[in-house]
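The primary structure of each chain is shown beneath.
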Amino acid sequence: MKAVQIVELSGPRDALRVVDVPEPPAEHPVTPGRGVVVDVKAAGVAFPEVLQTRGQYQVKPELPFIPGSEVGGVVKSAPEGAAVKPGDRVAAFCLLGGWAEVAVAPEFFAFALPDELDFAQGAGLILNYHTAYFSLKLRGRLTKGETVLVHGAAGGIGTASLQIAKGLGATTIAVVSSDEKERVAREAGADHVVRSDGPWKDEAKELSNGGVDVVVDPVGGDRFTDSLRSLREGGRVVVVGFTGGSIPEVRVNRLLLNNTEVIGAGWGGYVMSKPDVNREIGEAIAGLIEQGFIRPVVGARFPLEQAADALELIDGRGATGKVVLDLA
Ligand SMILES: NC(=O)c1ccc[n+]([C@@H]2O[C@H](COP(=O)([O-])OP(=O)(O)OC[C@H]3O[C@@H](n4cnc5c(N)ncnc54)[C@H](OP(=O)(O)O)[C@@H]3O)[C@@H](O)[C@H]2O)c1
């Protein structure tokens, strides 16, 4: 099968090679002896893969390896008792190995892909939407009628967070850096849009009548203190990632003064050992798809052979929504 490997840790452009390798066996390291094998139609590209090409991601497989954490495709084989069967359209989270014509996912990470979504949207469903639901609802305790501020709102996590927040009955404020990203954020359900280089904290406080309830932060960096300042009493900042580069530090007296919280949201590690939570999130996502709230925003699309272009787009802050590699 055709695949793309990371062969050296020299950054997006030179780290990748298109290769012809044997198809993987029908098992996954996370579910030894069992795995859902998928004919890949579209593979997702995300920030961690940029880091993987530099050896900067927490998971550091031995070289060479096929990256690609999630795919949309058709089930080729599935173990007895799995929720999906051969021929089913699926969104599958394989952790690694997705940038290939055939990939394998742990059986609990293969979800039926509803007809409303195409394969590219399937490749943009699990990482971003499961993380966004986990961050907003399970960690951030978002309830109907609250106001959510989303950083990096035109990105993968950002657009997913906007759609899910709307689905949970919240008002949304998007923080973005350009006109194009403003357009994407509005299409994804932002009720208000403010600019990351403007007085966004004051604007957010005004738009929310005194402070937001929840901040979803996949960006980190300098803006963290202002995120805390933008909260109302009882508000929560949910830490999701650090695309801004630096990891912020919190002066905890701020939390005491306003009775606010900083909450970590690390989705993958959490659900991996908790099948019930994983299933609960999958069911909630399926419901929000059915109700029309979730429609993954697919931005740029590249053929598999141009995976380096996809990574450079993300690395250069140029991506909107989900970046996808087409295999079909
Ligand atoms: N916690 C978890 O379980 C979990 C799960 C999945 C992903 N993540 C993390 O979440 C983060 C976001 O992922 P994503 O897929 O949404 O990424 P993305 O699509 O590339 O979006 C990230 C956004 O960050 C903003 N940004 C600000 N400064 C940036 C910079 N210097 N370089 C690049 N982007 C910058 C950009 O928005 P503006 O230009 O509008 O500022 C960009 O749209 C990543 O760090 C990822 O590893 C965490």
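Residues numbered from 1 in each chain as written. Predicted model: local features only at pLDDT ≥ 70, side-chain atom pairs only at ≥ 80, totals over all residues. Heavy atoms only, no water.

> Can you walk me through the nonpolar core in this structure?
What tends to happen in soluble globular proteins is that the nonpolar side chains get buried as a cluster. Counting residues in hydrophobic clusters, the biggest one holds 46 residues, and the most contacted among them are Leu136, Val148, Ile164, Trp267 and Ile285. Setting aside chain neighbours within four positions, we find Leu136 in contact with Arg141, Leu142, Val148, Ser161, Ile164, Ala165, Leu168, Val214 and Val216. Core analysis: the second largest hydrophobic core is formed by 40 residues, Val19, Ala308, Ile314 and Val323 among them. (Core = buried A, V, L, I, M, F, W, Y, C linked by side-chain atoms within 4.5 Å. Buried < 20%, exposed > 50% of the residue type's maximum accessible area, 1.4 Å probe, protein only. Contact = heavy atoms within 4.5 Å.)

> Looking at this model, I keep getting lost on the site of the ligand. Mind explaining?
Near the ligand, the surroundings consist of 24 residues, among which Ile157, Ser177, Lys181, Ala265 and Trp267 are the closest. Val240 places a main-chain nitrogen or oxygen 2.9 Å from a nitrogen atom of the ligand. The backbone of Phe242 places a nitrogen or oxygen atom 3.5 Å from an oxygen atom of the ligand. Mapped onto the shell around the ligand, the elements with two or more residues apiece are α2 (47–52), α4 (126–139) and α5 (156–167). Of the residues assigned to the shell around the ligand, the class counts are 12 nonpolar, 9 polar and 3 charged. (Near = heavy atom within 4 Å. Polar contact = N/O pair within 3.5 Å; in protein donor to acceptor, adjacent residues only side chain to side chain. Helix = DSSP H or I, 4+ residues; strand = E, 2+ residues; numbered from the N terminus. Nonpolar A, V, L, I, M, F, W, Y, C, P; charged D, E, K, R; others polar.)

> Is there a simple way to think about the pairing of strand β12 (residues 231–239) in this case?
If a strand is regular, its side chains alternate between the two faces of the sheet. In terms of strand pairing, strand β11 (residues 212–217) meets β12 through 5 bridges, oriented parallel. Each bridged residue has a counterpart across the sheet, and for Val214 the counterpart in β12 is Arg236. In terms of handedness, the path from β11 via helix α8 (residues 224–229) over to β12 forms a crossover that is right-handed. (Pairing = 2+ DSSP bridges. Right-handed = clockwise from strand over helix to strand, strands pointing away.)

> Could you clarify how one ought to interpret the side chain of Thr260 in this entry?
Position of Thr260 relative to the elements: it lies in the loop between α9 (253–258) and β13 (261–264). A residue is classified by how much of its surface remains accessible, and Thr260, at 9% relative accessible area, is buried. Leaving out residues up to four positions away in the same chain, Thr260 has contacts with Leu231, Arg232, Gly234, Gly235, Arg254 and Leu255.

> Explain the packing of aromatic side chains here, please?
Given two aromatic rings, one states the distance between the centres and the angle between the planes to describe the pair. Under the defined criterion, the tally for this structure stands at 5 aromatic pairs. Between Phe93 and Trp267, the aromatic rings sit 5.1 Å apart at their centres with planes inclined by 80°, giving edge-to-face as the arrangement. With Phe93 in strand β5 (residues 89–93) and Trp267 in helix α10 (residues 267–272), this residue pair connects regions lying 174 residues apart in the sequence. Residue Phe93 shares its accessibility class with Trp267, and that shared class is buried. (Phe/Tyr/Trp six-rings, centres within 6.5 Å; stacked < 30°, edge-to-face > 60°.)

> How should I be thinking about the sheet that holds β13 in this particular structure?
Working definition: the strands of a sheet are paired by backbone hydrogen bonds and lie parallel or antiparallel to each other. Across the sheet, 6 strands lie side by side as β10-β9-β8-β11-β12-β13; this open sheet has parallel pairing. Of all the strands in the sheet, the pair left with one neighbour each is β10 (192–195) and β13. Pairs of neighbouring strands in the sheet enclose a mean axial angle of 20°, with direction left out of account. Two elements, strand β9 (residues 171–176) and β10, share 4 bridges in a ladder whose sense is parallel. Within β10, the position partnered with Val176 by the bridge is Arg195. Packing against the sheet, α5 makes contact with β8 (147–150), β9 and β11, and its axis sits at approximately 170° to β9. (Axes fitted to C-alpha atoms, helices over the stretch in contact; angles between N-to-C directions.)

> When you look at α5 in this model, what are you seeing that I'm missing?
Owing to its 3.6 residues per turn, the α-helix aligns residues three or four sequence positions apart on the same side. Its 12 residues place the ends of α5 17 Å apart at the C-alpha level, agreeing with the 16 Å of an ideal helix rising 1.5 Å per residue. Across the 12 residues that make up α5, a large majority, 10, are buried. Looking at the buried side of α5, the elements it contacts are α4, β8, β9, α6 (179–187), β11 and α11 (275–290). Of the residues one or two after α5, Gly169 is the one with positive phi, at around 85°. (Expected span 1.5 Å × (residues − 1).)

> It is not clear to me how α4 should be interpreted in this structure. Could you clarify?
With 11 of 14 residues buried, α4 lies mostly within the body of the structure. Restricting attention to buried positions, one finds in α4 the residues Ile126, Leu127, Asn128, Tyr129, His130, Thr131, Ala132, Tyr133, Phe134, Ser135 and Leu136. A positive backbone phi angle near 55° is found at Arg141, which sits one or two residues after α4.

> I'm lost on the packing of α4 against α5 in this one. Help?
A pair of packed helices is captured by two measures, namely the crossing angle of their axes and the spacing between those axes. Where α4 meets α5, the axes come as close as 8 Å, and the angle between the chain directions of the two elements is 55°. Taken together, the axes of α4 and α5 are oblique relative to one another. Read as a crossing pair, α4 and α5 show a hand that is right-handed. In this structure, α4 contributes Leu127, Asn128, Tyr129, Thr131, Ala132, Tyr133 and Leu136 to the contact, and α5 contributes Gly156, Ile157, Thr159, Ala160, Ser161, Gln163, Ile164 and Ala165. By residue class, the composition of the contact of α4 with α5 is 9 nonpolar, 6 polar and no charged. (Parallel < 35°, antiparallel > 145°, perpendicular 65-115°, else oblique. Left-handed = near helix turned anticlockwise from the far one by under 90°.)

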